[in-house]
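Listed here are the chains, written in short residue letters.
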Amino acid sequence: MANGVGTNGGTVVVDGVTARVSTEGADLLMLTGAADANLNELQKVTGVRATLRGDAVVLAGTAAAVERATALTQRMVDAAKRREVLEPDDIVRMSLENGGDPGGAPRIVLPGVRRIVQPKTSGQAAYLQAIFDSDIVVGIGPAGTGKTYLAVAAAVDALLRKRVRRIVLARPAVEAGESLGFLPGDMQAKVDPYLRPLYDALEDMMPPERVLKAVETRVIEIAPLAYMRGRTLADAFVILDEAQNATCAQMKMFLTRLGVNSRAVITGDKTQVDLPRRDDSGLFQIERILPGIDGIAFHYLSDGDVIRHRIVREIVKAYAAEDAAPQA
């Protein structure tokens, strides 16, 4: 006997091991992907057979697989209705989230580049919401979880909406197995490679000529953390990236730079500390002493929030397993 279940305005009809998920109102190309890549990924992660027929995706398989695939397909349809770009990796992430849908999270619409920045996982959605709600946010998680990207997007949004007058992006210039002294050029040329990821994120959200002008007029400042000493950062959105490589003294210095109408985001990955001693990391210290202070939020991202190539997620898991394994 068929059962009709209403979901977000669509109708899902389940009959034994077959289900039909309505695609009405969805962009079918975004839904299915190029050469049906998204449907193929849906089949791979759920074990069902998925076919687009008319105004519905038809799912067939075991009862358990179809039940799981139905919820996942509805999420895909909802995203396609919002005209979100869907790729096979997004389908994998959705399948790992156990139904958590970031669709209700705040979006950032950036003029000039025709880009909408939106969380791709529920963990990212909570992180971005924390940035909007708190004066200081500490985002901790593995590589590829969008910690820096979302923080930069929020900073650009605040600048364009004139909520702040400038953006300050800082990173510790800590050597990761290489020596700064052997790099060619003057000091600026030596530290630029450490700051390049911040430039990359900015250039993804603003026209390059606008980024260049903002840097020249110091509306946007990108500098090593050491350059922050002795300053007061008022009316600014300040981001400290790679904070696991800031010493305890540097972290205290950074946090005490904040002035009136300023907010800060601190991002870090506790598995990639390049300091001689892990215990010297200011990120570990603030994790111990700052929770509970009103206006400061800690948010933790996991391997399920990795939005780079899917193999990055598996690499993160492999390293985590290695670190957790007892040493011989």
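Residues numbered from 1 in each chain as written. Predicted model: local features only at pLDDT ≥ 70, side-chain atom pairs only at ≥ 80, totals over all residues. Heavy atoms only, no water.

**Here's the deal with the overall build of the protein chain**
Next up, step 1: Looking only at helices and strands, the protein chain features 11 helices and 13 strands.
Next up, step 2: A buried classification covers 48% of the 328 residues belonging to the protein chain.
Next up, step 3: Counted over contacts in the protein chain with a minimum sequence separation of 6, partners at least 24 positions apart contribute 68%.
Next up, step 4: Of the roughly 16,300 Å² that the protein chain leaves accessible, carbon and sulfur atoms contribute 53%. (Helix = DSSP H or I, 4+ residues; strand = E, 2+ residues; numbered from the N terminus. Buried < 20%, exposed > 50% of the residue type's maximum accessible area, 1.4 Å probe, protein only. Contact = heavy atoms within 4.5 Å. Areas by Shrake-Rupley, 256 points an atom, 1.4 Å probe, with all protein chains shown as cover.)

**Details of the side chain of Thr145**
Next up, step 1: Relative to the helices and strands, Thr145 is located in the loop between β8 (136–140) and α6 (147–160).
Next up, step 2: A polar side-chain atom of Thr145 sits 2.9 Å from the main-chain carbonyl oxygen of Pro142. (Polar contact = N/O pair within 3.5 Å; in protein donor to acceptor, adjacent residues only side chain to side chain.)

**Examining the pattern of salt bridges**
Next up, step 1: Scanning the entire structure with this criterion turns up 12 salt bridges.
Next up, step 2: Here Arg171 ties to Asp241 by a salt bridge, and the two come within 2.7 Å at their closest N and O atoms. Here Arg171, found in strand β9 (residues 166–171), pairs with Asp241, found in the loop between β11 (236–240) and α9 (248–255); they are 70 residues apart in sequence, far enough to count as distant. By the burial criterion, Arg171 is buried, and Asp241 matches it.
Next up, step 3: Arg231 is the salt-bridge partner of Glu221, the closest N and O atoms lying 2.7 Å from each other. One end of the pair, Glu221, is in strand β10 (residues 220–224); the other, Arg231, is in the loop between β10 and β11, with 10 residues separating them in the sequence. (Salt bridge = Lys/Arg side-chain N within 4 Å of Asp/Glu carboxyl O.)

**Notes on the sheet that holds β9**
Next up, step 1: Taken in spatial order, the six strands make up an open sheet running β10-β9-β11-β12-β8-β13, and their pairing is parallel. A single partner strand is all that each edge strand has here, and the edge strands are β10 and β13 (296–300). Each neighbouring strand pair of the sheet contributes to a mean axis angle of 15°, computed without reference to strand direction.
Next up, step 2: Two strands pair when backbone bridges link them, and β8 and strand β12 (residues 263–268) are joined in this way by five bridges, in the parallel orientation. (Pairing = 2+ DSSP bridges. Axes fitted to C-alpha atoms, helices over the stretch in contact; angles between N-to-C directions.)

**What about the confidence of the model for the protein chain?**
Next up, step 1: For the protein chain, mean pLDDT is 83; residues scoring 70 or higher make up 82% of the total.
Next up, step 2: Considering only residues more than four positions removed or in separate chains, one finds that residues 1–11, a stretch of pLDDT under 50, has 19 contacts.
Next up, step 3: Contacts for the low-pLDDT stretch residues 176–180, under 50 throughout, to residues beyond four places or in other chains number five contacts. (pLDDT = per-residue confidence, 0-100.)

**Some points on the nonpolar core**
Next up, step 1: Judged by nonpolar contacts, the single largest core of 36 residues is most densely connected at Ile131, Leu202 and Phe237.
Next up, step 2: Those elements giving two or more residues to this core turn out to be β6 (108–110), α5 (122–133), α6, β9, α7 (187–203), α8 (208–216), β10 and β11.
Next up, step 3: Tallying contributions element by element places α6 first for this core, with nine residues.
Next up, step 4: Apart from residues lying up to four places away in sequence, Phe237 is in contact with Ile131, Ala151, Ala154, Ala155, Ala158, Val164, Arg166, Ile167, Val168, Arg263 and Val265.
Next up, step 5: Counting 24 residues, the second largest nonpolar core, distinct from the first, contains Ile136, Leu233, Met253 and Leu283. (Core = buried A, V, L, I, M, F, W, Y, C linked by side-chain atoms within 4.5 Å.)

**Remarks on α5**
Next up, step 1: The first and last C-alpha atoms of α5 sit 16 Å apart over 12 residues, in line with the 16 Å expected at 1.5 Å per residue.
Next up, step 2: Burial in α5 covers these residues: Gly123, Gln124, Ala125, Tyr127, Leu128, Ala130 and Ile131.
Next up, step 3: For α5, the elements touching its buried residues are β6, β8, α6, β11, β12 and β13. (Expected span 1.5 Å × (residues − 1).)

**Some words on the packing of α9 against helix α10 (residues 282–289)**
Next up, step 1: Look at α9 against α10: their axes get within 7 Å of each other, and the N-to-C directions meet at 65°. Relative to α10, α9 is oriented so that their crossing is right-handed. Only Gly282, Leu283, Gln285 and Ile286 of α10 make contact with α9, whose side of the interface consists of Cys248, Met251 and Leu255.
Next up, step 2: In terms of residue class, the contact of α9 with α10 is made up of five nonpolar, two polar and no charged. (Left-handed = near helix turned anticlockwise from the far one by under 90°. Nonpolar A, V, L, I, M, F, W, Y, C, P; charged D, E, K, R; others polar.)

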